[in-house]
Amino acid sequence: AGGIADGRGMAAAFYLGAAGVQMATRFIATDECDASDAFKQAVIDAGDGDTMLTLKELAPVRLLKNRFYEQVQQAYADGADVERLRELLGKGRARRGIFEGDLDEGELEIGQAASTISRRISAAETVQMLIDQYHKAVSRLNDPGF
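Everything in this summary refers to the structure shown in the same document. No experiment lies behind these values; they were computed from the predicted model shown.

**Let's talk about the pairing of strand S1 (residues 51-54)**
Then step 1. For S1 and strand S2 (residues 61-64), the ladder comprises 4 bridges, and the chain directions are antiparallel. Looking at S2, one finds that Thr51 is bridged to Leu64.
Then step 2. Hairpin connection between S1 and S2: a loop of 6 residues separates the two successive antiparallel strands, and Leu55 in this loop has a positive phi of roughly 50 degrees.

The structure is reproduced here in structure tokens:
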């Protein structure tokens, strides 16, 4: 888990001895995902550097940069303790961002792989794409000329 968003990443994990992989970010922009259309589009629009790891004192989370993220950064700059960070996070902020589409004040949790997602497709298309990429990568790894 973490940073695996295509078949090449899957192949690399298995090549290194993993028995399985876990993906979440890759499936956010699928038709079947319950996330709001606004959040899905924000993920599709995300580029390199648009996410940052933060709130490590509570539970490390990678967020899309938005107004809430800026508030978190300001809290750190002001020397906020864990209680202040908990208060800022509050309850339901991820729901507001991800499922209700509040792209300003919501907590927009997403992996670093968001920048690799360029369009919305079905979960079935996503799985088929991953399988195809995986087989192509494994073929390259097994090529003696590689």
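And the narrative resumes.
**Remarks on the pattern of salt bridges**
Then step 1. Tallied over the full model, the rule gives 9 salt bridges.
Then step 2. Arg8 is the partner of Asp6 in a salt bridge, and the nearest nitrogen-oxygen pair spans 3.1 Å.

**Quick notes on the environment of Lys40**
Then step 1. In this fold, Lys40 is placed in helix H3 (residues 37-45).
Then step 2. Taking C-alpha positions, Lys40 is 33 Å from Gly79, a pair spaced 39 residues apart along the chain.
Then step 3. Setting aside its immediate chain neighbours within four residues, Lys40 contacts Ile28, Ala29, Thr30, Asp31, Cys33, Ala35 and Arg120.

**Brief notes about the nonpolar core**
Then step 1. Ile28, Phe39, Val43, Leu64, Ile110, Ala114 and Ile117 are the most contacted members of the largest nonpolar core, which totals 14 residues.
Then step 2. Among the elements that take part in this core, H3 stands out by supplying 4 residues, more than any other.
Then step 3. Excluding anything up to four places from it in sequence, Ile110 contacts Thr25, Ile28, Phe39, Val43, Thr51, Arg62, Leu63 and Leu64.
Then step 4. Counting residues in each nonpolar core, the second largest holds 9 residues, with Leu55, Val61, Tyr69 and Ala75 among its members.

**A short note on a nonpolar patch on the surface**
Then step 1. Together, Tyr15, Leu16 and Leu141 give the surface a local cluster of nonpolar side chains, amounting to about 380 Å² of exposed area.
Then step 2. Examined against the element boundaries, Tyr15 turns out to sit in helix H1 (residues 7-15).
Then step 3. Using a relative accessible area of 61% as the deciding quantity, one classes Tyr15 as exposed.

What counts, and where the lines are drawn
Residues numbered from 1 in each chain as written. Predicted model: local features only at pLDDT ≥ 70, side-chain atom pairs only at ≥ 80, totals over all residues. Heavy atoms only, no water. Pairing = 2+ DSSP bridges. Helix = DSSP H or I, 4+ residues; strand = E, 2+ residues; numbered from the N terminus. Salt bridge = Lys/Arg side-chain N within 4 Å of Asp/Glu carboxyl O. Contact = heavy atoms within 4.5 Å. Core = buried A, V, L, I, M, F, W, Y, C linked by side-chain atoms within 4.5 Å. Buried < 20%, exposed > 50% of the residue type's maximum accessible area, 1.4 Å probe, protein only. Patch = residues over 30% accessible without salt bridge, like charges linked within 9 Å, V, L, I, M, F, W, Y side chains within 5 Å. Areas by Shrake-Rupley, 256 points an atom, 1.4 Å probe, with all protein chains shown as cover.

Any functional reading would require information beyond the geometric quantities listed.
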